[in-house]
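# Coordinates in review
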Amino acid sequence: FFDEVKNVPCYADFFKYLQWHNLAFTTTWDLGIPTMILHYENYTYNFNGTKDSLLEFLEQEDNHDPPDFIRGKTYRHYFSKEEVQAVFSMLSKVALQETWIHTKHYFD
């Protein structure tokens, strides 16, 4: 495992991110509870539709104006291509299949 993380910047934070998603999928499977998967870009491409779908899933009314959404936030510029590749390699090998399906597009 060390060979997979030794070149990952802030490896503990990326591992926490990965593990949070792995455990979220595992927990919802084990408990058989309904889930809704949202990706950041869903708000970018269809803010109102995404907001409405979330409210419907949560069985909540649309009572207030949402806060302003800042589109296009990424942090890729903080990392070199080699560091991004190291994170990609770690996630691709350690993520559960479901976690990988929902995160791999961030490396395109």
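In case you missed it, the structure is sitting above this.
Residues numbered from 1 in each chain as written. Predicted model: local features only at pLDDT ≥ 70, side-chain atom pairs only at ≥ 80, totals over all residues. Heavy atoms only, no water.

## Topic: helix 5 (residues 81-94)
- In this model, helix 5 (14 residues) spans 20 Å end to end at C-alpha, consistent with the 20 Å of a helix rising 1.5 Å per residue.
- Within helix 5, the full set of buried residues consists of Val84, Ala86, Val87, Ser89, Met90 and Leu91.
- Those residues of helix 5 hidden inside the fold are in contact with helix 1 (2-5), helix 2 (11-31) and helix 6 (97-103). (Helix = DSSP H or I, 4+ residues; strand = E, 2+ residues; numbered from the N terminus. Expected span 1.5 Å × (residues − 1). Buried < 20%, exposed > 50% of the residue type's maximum accessible area, 1.4 Å probe, protein only. Contact = heavy atoms within 4.5 Å.)

## Things to note about the pattern of salt bridges
- Inspection of every chain in the model, using the stated rule, returns 3 salt bridges.
- As a salt-bridge pair, Lys16 and Asp13 come within 3.9 Å of each other at their nearest N and O atoms. Taken together, the residues Lys16 and Asp13, both in helix 2 and 3 residues apart, mark about one turn of the helix.
- Taking the relative accessible area as the measure of exposure, Lys16 reaches 54% and is therefore exposed.
- Three or more residues are tied together by salt bridges with common partners; here these are Lys51, Asp52 and Asp62. (Salt bridge = Lys/Arg side-chain N within 4 Å of Asp/Glu carboxyl O.)

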